[in-house]
Amino acid sequence: MKHILSFDDVTYIYHTRRGETVAAEHLSFSLDEGEFAAVIGPSGCGKTTLLSLAAGLLTPSEGKVESGGASFGYMLQKDELFPWRTVEKNLYLPLEIKKMKGDAPRKRVRALAEKYGLGGFLQSYPAQLSGGMRQRAALIRTLAADPDVLLLDEPFSALDYQTRLNVTEDVSHIIRSEGKTALLITHDISEAISLADRVLVLTRRPARIRSTHSLGFSEKNPLKRREMSGFSAWFELLWKELNA
Amino acid sequence: MKHQSIPYSREHERYLRKCRKRAVLVWTCRIGLLVLLLGAWELVAALGWVDPFITSSPSRIAATIAGLYADGTLFYHVGVTLWETLAGFFLAVFLGTFTALALWWSDSLRKVLEPYIVVLNALPKIALGPLIIIWCGTGSEAIVFMTVLVGLIVAILHMLSAFIATDENKVLLLRSMGANKVQILTKLVIPSALPAFISMLKVNVGMAWIGSIMGEYIVSKAGLGYLIVYGGQVFKLDLVMSATCILCLLAALMYFLVVLLEKLLVRNGRT
């Protein structure tokens, strides 16, 4: 497997008038193609900084982020659908930004929406959709420009518990069946275990990588994973590491 | 999502009837209040409890307006003021919005100009009256200029705060898609500022009438403001009241048009 994204000894410092904050320090890790990795860490440890660095929105103060020309799709905590656009127009947004003209990419997006249960809602406005469907729409928008890597910044944390389990299953299913590489940031240990192939644990700020675990589940369905015997053992281990 | 195929329950029908009843009641009271006020005004003037020379009366106002219409000057004066107001309104709105865009675009420009805008906002524009007469003469141009001055800074400040309040996360989302600044502006900043634009229009309807009437007070040969000043000077209070009533009507009409525009532009999903 080849690396699709790698951090090589990356340090990032935030500058404000009142001083400087080291958000991340000597981060090194890499992501394999087709892999689903999760990053967990205490709140406020600089997880989001890590995603912004990966997406190239921030330039590291030291070290190097290499992505070999891979394209990224960013999914945020809230769906951030534009309320003045229909669902369909929202899904086309990345195509408009990247100036992907022609009917082929739009057809592909419509097919994705159709396949994942949004077909009947293309002409609706986001306000007419439930929280779970909005988040699904946000994922399809993220997939619209066919990115190589998905960056997921706590995409479930704004949802209520029941919706959250359902959407987690949806998103997992969609990402697995589209064969995408994904990097998930979360503070929810069980979410990380139920979704990822590999979990990276960050320390308190400044974020460093405390440990990396390959989970080794063959089951990909997040709800079924939660019932498996290995689940609670992983939970205990990661819980201890987070609080250490 | 509508449920037209499902018949309403009886309780819901009762609820709808209650809503309709309430609306009818509100409108009856509104019109009733107007009739009551006009009737009382007419009555106290007719009974001689107040001097109609000072207070005028609805019938005298109606007669005055009919007189203005008969000698053909009514629409002339209305037209002059309306033109000045609308010209000033549109100029202030366009200049204000574009200036706000420029200030949003350049952080440095905004920082540099901030104190100037704050001072200009606080300055009572009527203080510039003599200067405006010297610069623009005594024609309609001076009044339009005054109207623009009154509305411009308000428009700039209103729109700038809306542009700056654009959701940071949505900006981040667009940047993650590789959007440049023009795309962020056209796809996000402008459409999300549409409700603020409408509310700015509403505020500026009032500002434009303040500007044009104030301008006509300072210098004018025609217009509703001119009629009010002239009527006051020669103690023809019927004329003052008539012009004021017409002004009320026109301002209300203009505001109503903006509300109509709002209904056309701001629809779906925005609550």
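Refer to the structure above for everything that follows.
Residues numbered from 1 in each chain as written. Chains lettered and ligands numbered in written order. Predicted model: local features only at pLDDT ≥ 70, side-chain atom pairs only at ≥ 80, totals over all residues. Heavy atoms only, no water.

1. So, the overall build of chain B
Turning to step 1, where the next piece is worked out: A count of helical and extended segments in chain B gives 12 helices and zero strands.
Turning to step 2, where the next piece is worked out: Helices (α) and strands (β) of chain B occur, in sequence order from the N terminus, as α-α-α-α-α-α-α-α-α-α-α-α.
Turning to step 3, where the next piece is worked out: By the compact-globule yardstick of 18 Å for 271 residues, chain B is too spread out, its C-alpha radius of gyration being 24 Å.
Turning to step 4, where the next piece is worked out: When the backbone C-alpha atoms are referred to their principal axes, chain B occupies close to 75 × 70 × 30 Å.
Turning to step 5, where the next piece is worked out: Here chain B holds 271 residues, and the buried ones make up 35% of them.
Turning to step 6, where the next piece is worked out: Long-range pairs, those at least 24 residues apart, make up 73% of the contacts in chain B between residues at least 6 apart in sequence.
Turning to step 7, where the next piece is worked out: Only carbon and sulfur atoms are counted for the fraction: they give 71% of the accessible area of chain B, which is about 16,200 Å².
Turning to step 8, where the next piece is worked out: Positive and negative side-chain charges in chain B, numbering 23 and 14 respectively, have mean positions lying 13 Å apart. (Helix = DSSP H or I, 4+ residues; strand = E, 2+ residues; numbered from the N terminus. Rg over C-alpha atoms; globule rule 2.2 N^0.38 Å. Buried < 20%, exposed > 50% of the residue type's maximum accessible area, 1.4 Å probe, protein only. Contact = heavy atoms within 4.5 Å. Areas by Shrake-Rupley, 256 points an atom, 1.4 Å probe, with all protein chains shown as cover. Lys, Arg positive; Asp, Glu negative; His and termini not counted. Charge placed at Lys NZ, Arg CZ, Asp CG, Glu CD.)

2. Focus: the nonpolar core
Turning to step 1, where the next piece is worked out: Counting residues in hydrophobic clusters, the biggest one holds 86 residues, and the most contacted among them are Phe7(A), Leu151(A), Leu183(A) and Leu174(B).
Turning to step 2, where the next piece is worked out: With 10 residues, helix H7 (residues 140–164) of chain B is the largest single contributor of residues to this core.
Turning to step 3, where the next piece is worked out: Membership of the second largest hydrophobic core comes to 47 residues, among which are Leu91(A), Leu122(A), Ala192(A) and Ile193(A). (Core = buried A, V, L, I, M, F, W, Y, C linked by side-chain atoms within 4.5 Å.)

3. A look at the interface of chain B and chain A
Turning to step 1, where the next piece is worked out: Contact with chain B, which involves 20 residues of that partner, is made by 20 residues of chain A.
Turning to step 2, where the next piece is worked out: Summed over both sides, the interface between chain B and chain A buries roughly 2,100 Å², with carbon and sulfur atoms accounting for 65% of that surface.
Turning to step 3, where the next piece is worked out: Among the residues of chain B in contact with chain A, Leu173(B), Met177(B) and Lys187(B) are the three that bury the most area, contributing 30% of the side total.
Turning to step 4, where the next piece is worked out: There are two salt bridges connecting chain B and chain A.
Turning to step 5, where the next piece is worked out: With a shortest N-O distance of 2.8 Å, Lys187(B) and Glu96(A) are connected by a salt bridge.
Turning to step 6, where the next piece is worked out: Summed over the shared surface of chain B and chain A, the result is five residue pairs in polar contact (both at pLDDT 80 or more).
Turning to step 7, where the next piece is worked out: Taken together, the elements giving at least two residues each to the side of chain B that touches chain A come down to helix H8 (168–176) and helix H9 (181–192) of chain B.
Turning to step 8, where the next piece is worked out: Examining the composition of the side of chain B that touches chain A, we find that seven residues originate from one element, H8(B), more than from any other.
Turning to step 9, where the next piece is worked out: Tallied by class, residues from the side of chain B that touches chain A come to eight nonpolar, seven polar and five charged. (Buried area = accessible area lost by both parts, 1.4 Å probe. Salt bridge = Lys/Arg side-chain N within 4 Å of Asp/Glu carboxyl O. Polar contact = N/O pair within 3.5 Å; in protein donor to acceptor, adjacent residues only side chain to side chain. Nonpolar A, V, L, I, M, F, W, Y, C, P; charged D, E, K, R; others polar.)

4. A closer look at the pattern of salt bridges
All names here are of chain A.
Turning to step 1, where the next piece is worked out: Per the counting criterion, the structure on display carries 18 salt bridges over all chains.
Turning to step 2, where the next piece is worked out: A salt bridge links Glu 25 to Arg 208, with the nearest nitrogen and oxygen atoms 3.7 Å apart. Taken as a pair, Glu 25 in strand E2 (residues 19–32) and Arg 208 in the loop between strand E8 (198–202) and strand E9 (209–214) lie far apart in primary sequence, 183 residues in all.
Turning to step 3, where the next piece is worked out: Taking the relative accessible area as the measure of exposure, Arg 208 reaches 38% and is therefore partly exposed.

5. Quick look at the packing of helix H3 (residues 58–70) of chain B against helix H12 (residues 237–265) of chain B
Two measures define how a pair of helices packs: the angle their axes make with one another and the distance between the axes.
Residues and elements named next belong to chain B.
Turning to step 1, where the next piece is worked out: Across the interface, H3 lies against H12 with an axial gap of 9 Å and an inter-helix angle of 80°. What the angle tells us is that H3 and H12 run roughly perpendicular. From H3, Arg 60, Ile 61, Thr 64, Ile 65 and Leu 68 reach across to H12, where they touch Asp 238, Leu 239, Met 241, Ser 242, Cys 245 and Ile 246.
Turning to step 2, where the next piece is worked out: Here the contact of H3 with H12 is built from residues that sort into seven nonpolar, two polar and two charged. (Axes fitted to C-alpha atoms, helices over the stretch in contact; angles between N-to-C directions. Parallel < 35°, antiparallel > 145°, perpendicular 65-115°, else oblique.)

6. Some remarks on the pairing of E2(A)
Turning to step 1, where the next piece is worked out: In this structure, strand E1 (residues 3–16) of chain A lies alongside E2(A), joined through 10 bridges in antiparallel fashion. Note that in E2(A) the partner of Phe7(A) across the bridge is Phe29(A). (Pairing = 2+ DSSP bridges.)

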